[in-house]
Amino acid sequence: MTRLREAQKQMTRRLLLEKALELFEAKGYFATTIDDIAAAAGTTRTTFYMHFASKAQLMQDLVAELDEIFTSADDPPLRQVVRSGDRRLIRAFIETKADQWPVTRSYVLVANQAAAVEPDIAAIKEQWYEATIAEMQHGLDDAGRFEPATRRIRCSLAFGQLEYLSVRWMLRGWTVVDRETALEVLADSWCHLLSDDAAGS
């Protein structure tokens, strides 16, 4: 009986997260209320508060899911990709990220909305950026490539390019440039910034 109750509790929590994401995308984060989320999940405001202290906390859980989606597919991990300086690994990593965009689109767009009005979400997003850039920098540190004083900015620029391309795709799709061209040029840029393989051999 205890296991059944726990399973039902987890199913309700999962449903609240799923319906919240749908509503945030359809109505906007700010316009969506806790009552909206509870009603969409077929439950009550009281039940919502049994799972989440606030709408912002629910959003934090969605951001944590987004991070898990992104990092679970990293094989090899980003630090190792950067350390290698191998264009084939860099290109494959970028390809994997682009493959994830259809799955992560809703999460990313909603997280950007929430970050504009929720300081905690903005802080989590910034921590995620910083952690990703730090992993890349560790890769350059491991490899001993480039002057140490330039490593962080190299990683910041490379990550910034990927982030920009992902958000542009999420807003407009491949309407300005085709996917293959975009990913090839981005891989060339990463090689220029992060590896000795700047020529894209």
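Please refer to the structure higher up on the page.
One numbering rule holds for all chains: residues counted from 1, following each sequence as written. Totals for whole chains, interfaces and linings use all residues, but because this is a predicted model, local features are given only for residues with pLDDT of at least 70 and pairs of side-chain atoms are given and counted only at 80 or more. Side-chain numbers here rest on the full set of heavy atoms in the structure, without hydrogens or water.

A. Structural detail: the overall build of the protein. By definition, any uninterrupted DSSP run of H or I lasting at least four residues is a helix, any uninterrupted run of E lasting at least two residues is a strand, and each is numbered from the N terminus. Looking only at helices and strands, the protein features nine helices and zero strands. Secondary structure elements of the protein, listed N to C terminal, follow the sequence α-α-α-α-α-α-α-α-α. Dimensions of the protein, computed from the C-alpha atoms along their principal axes, are close to 60 × 40 × 30 Å. Each residue gets one of three labels from its accessible area relative to the maximum for its type: buried under 20%, exposed over 50%, partly exposed in between, using a 1.4 Å probe on protein chains only. Counting only residues that meet the buried cut, the protein has 41% of its 201 residues in that class. The contact criterion used throughout is that any non-hydrogen atoms of two residues lie within 4.5 Å. The long-range share in the protein, meaning contacts at least 24 apart out of those at least 6 apart in sequence, stands at 70%.

B. Structural context of the packing of helix α6 (residues 87–115) against helix α7 (residues 119–143). The axes are straight lines fitted to the C-alpha atoms, using for helices just the contacting stretch, and the angles between their N-to-C directions are given from 0 to 180°. In contact at an axis separation of 7 Å, α6 and α7 are set at 125 degrees when each is read in the N-to-C sense. Taken together, the axes of α6 and α7 lie oblique to each other. The residues of α7 that touch α6, namely those facing Ala-111, Asn-112, Ala-114 and Ala-115, are Ile-121, Ala-122 and Lys-125. Side-chain classes are defined by residue name, with Ala, Val, Leu, Ile, Met, Phe, Trp, Tyr, Cys and Pro counting as nonpolar, Asp, Glu, Lys and Arg as charged, and the others, Gly among them, as polar. Considering only residue class, the contact of α6 with α7 consists of five nonpolar, one polar and one charged. Here roughly perpendicular refers to angles of 65 to 115 degrees, roughly parallel to angles under 35, roughly antiparallel to angles over 145, and oblique to all remaining angles.

C. Focus on the environment of Arg-79. One can find Arg-79 in helix α5 (residues 78–84). Sequence separation between Arg-79 and Phe-48 is 31 residues, and the spatial gap between their C-alpha atoms is 39 Å. Setting aside its immediate chain neighbours within four residues, Arg-79 contacts Glu-135, His-138, Gly-139 and Asp-142.

D. Region of the structure containing unusual backbone geometry. In this model, Asp-75 is joined to Pro-76 through a cis peptide bond whose omega is 10 degrees. Within the secondary structure, Pro-76 is located in the loop between α4 (55–72) and α5.

E. Up close: the pattern of salt bridges. Should a side-chain nitrogen of Lys or Arg be within 4 Å of a carboxyl oxygen of Asp or Glu, the pair is scored as a salt bridge. The tally for this structure, following the rule as stated, stands at 20 salt bridges. Lys-27 serves as the salt-bridge partner of Asp-36, at 2.8 Å between the closest nitrogen and oxygen. By relative accessible area, Lys-27 is classed as partly exposed at 42%. Two residues, Asp-188 and Arg-87, come together in a salt bridge whose shortest N-O distance is 2.7 Å. Residue Asp-188 is found in helix α9 (residues 179–194), and its partner Arg-87 is found in helix α6; the two are separated by 101 residues along the sequence.

F. Inspection of the packing of α4 against α6 at higher detail. Put simply, α4 and α6 touch, their axes get as near as 10 Å, and they point 160 degrees apart. On the basis of the axis angle, α4 is roughly antiparallel to α6. Considering only the axes of α4 and α6, their crossing is left-handed. Contact residues: α4 offers Met-59, Leu-62, Val-63, Glu-65, Leu-66, Ile-69 and Phe-70, while α6 offers Lys-97, Gln-100, Val-103, Thr-104, Tyr-107, Val-108, Val-110, Ala-111 and Ala-114. A class-by-class count of the residues in the contact of α4 with α6 yields 12 nonpolar, two polar and two charged. Handedness of each helix crossing follows the sense of rotation of the near helix against the far helix: counterclockwise by less than a right angle gives left-handed, clockwise gives right-handed.

G. Summary view of the packing of aromatic side chains. Put simply, two rings from Phe, Tyr or Trp (the six-membered ring, in Trp's case) pair if the centres are within 6.5 Å, and we call them stacked under 30 degrees between planes, edge-to-face over 60, tilted for the rest. For the coordinates displayed, the defined rule picks out 10 aromatic pairs. Centre to centre, the rings of Trp-101 and Trp-169 are 6.0 Å apart; their planes meet at 35 degrees, and the pair counts as tilted. Note that Trp-101 is positioned in helix α6 and Trp-169 in helix α8 (residues 148–172), a separation of 68 residues in sequence. The class for Trp-101 is buried, based on a relative accessible area of 3%.

H. Broad picture of helix α1 (residues 2–27). What a helix should span is 1.5 Å times the count of its residues minus one. Between its terminal C-alpha atoms α1 stretches 37 Å, which fits the 38 Å expected from 26 residues at 1.5 Å a residue. Buried residues of α1: Leu-16, Leu-17, Ala-20, Leu-21, Leu-23 and Phe-24, and no others. Where the residues of α1 are buried, they touch α2 (34–40), α3 (45–51), α4 and α6. Looking at the residues trailing α1, positive phi occurs at Gly-28, about 100 degrees.

Keep in mind that these numbers describe shape and distance, not what the molecule does.
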